[in-house]
Amino acid sequence: MKEIDPLSLQPEELIVLVQQLRQQLAEREQEIEQLKRQLGEKQGQSGADKPSQETLPGAPEKVSPGSQEDLMAQLEKVYPEGR
């Protein structure tokens, strides 16, 4: 995907961009869920019960790149007023 300067976009173009990013995010989340299911099935078949990797208590949560929270944070940095 080519680099886009959000400040050069018209409001309508920005809306379209956000919709495209949301669609891509939804597709990626579906892929992740599918891969998690496949991994769970594979681990279940092998009989290996590995503990899941969770954030340690008290550790700050990291926002994963490309997540909805990350995209919203980026938009809020570019457009702090909201509109």
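The rules behind each value
- Residues numbered from 1 in each chain as written.
- Predicted model: local features only at pLDDT ≥ 70, side-chain atom pairs only at ≥ 80, totals over all residues.
- Heavy atoms only, no water.
- Helix = DSSP H or I, 4+ residues; strand = E, 2+ residues; numbered from the N terminus.
- Buried < 20%, exposed > 50% of the residue type's maximum accessible area, 1.4 Å probe, protein only.
- Areas by Shrake-Rupley, 256 points an atom, 1.4 Å probe, with all protein chains shown as cover.
- Axes fitted to C-alpha atoms, helices over the stretch in contact; angles between N-to-C directions.
- Parallel < 35°, antiparallel > 145°, perpendicular 65-115°, else oblique.
- Left-handed = near helix turned anticlockwise from the far one by under 90°.
- Contact = heavy atoms within 4.5 Å.
- Nonpolar A, V, L, I, M, F, W, Y, C, P; charged D, E, K, R; others polar.
- Expected span 1.5 Å × (residues − 1).
- 1 Å grid on protein atoms, 1.4 Å probe; cavity = no way out; pocket = protein on both sides within 12 Å on 5 of 7 lines; lining within 4 Å.
- Points joined across faces, edges and corners; volume = space filled by probe spheres on them.

So, the overall build of the chain
Secondary structure summary: the chain contains 2 helices and 0 strands in total. Within the span of the chain, comprising 83 residues, buried residues form 10% of the whole. For the chain, the exposed area adds up to about 7900 Å²; of that, 51% sits on carbon and sulfur atoms.

Some details on the environment of Leu-17
As for its position among the elements, Leu-17 is in helix α1 (residues 11–46). Residue classification places Leu-17 among the buried positions, given a relative accessible area of 13%. Taking the C-alpha atoms as reference points, Leu-17 and Ile-4, separated by 13 residues in sequence, lie 9.6 Å from one another.

Describing the packing of α1 against helix α2 (residues 68–78)
Relative orientation of the contacting elements α1 and α2 amounts to 160 degrees, with a least axis distance of 10 Å. Comparing the axis directions of α1 and α2 gives the class roughly antiparallel. Relative to α2, the crossing made by α1 is right-handed. Between α1 and α2, the contacting residues are Leu-14, Val-18, Leu-21, Arg-22 and Leu-25 on the first element and Gln-68, Leu-71, Met-72 and Leu-75 on the second. Residue composition of the contact of α1 with α2, grouped by class: 7 nonpolar, 1 polar and 1 charged.

Focus: α1
Along an α-helix, a turn takes 3.6 residues, which lines up residues three or four apart on a common side. With 36 residues, α1 extends 52 Å between its outermost C-alpha atoms, agreeing within 8% with the 52 Å of an ideal straight helix rising 1.5 Å per residue. Among all positions of α1, only Leu-14, Leu-17, Val-18 and Leu-25 are buried. Buried residues along α1 sit against α2.

Focus on empty space enclosed by the protein
Within the structure shown, the criterion is met by 1 cavity of 30 Å³ or more. Put simply, the largest cavity is a space of about 60 Å³. In terms of lining residues, the largest cavity is bounded by Val-18, Leu-21, Arg-22, Leu-25, Gln-68, Leu-71, Met-72 and Leu-75. Among the secondary structure elements, those contributing two or more residues to the lining of the largest cavity are α1 and α2. Residue classes in the lining of the largest cavity are distributed as 6 nonpolar, 1 polar and 1 charged.

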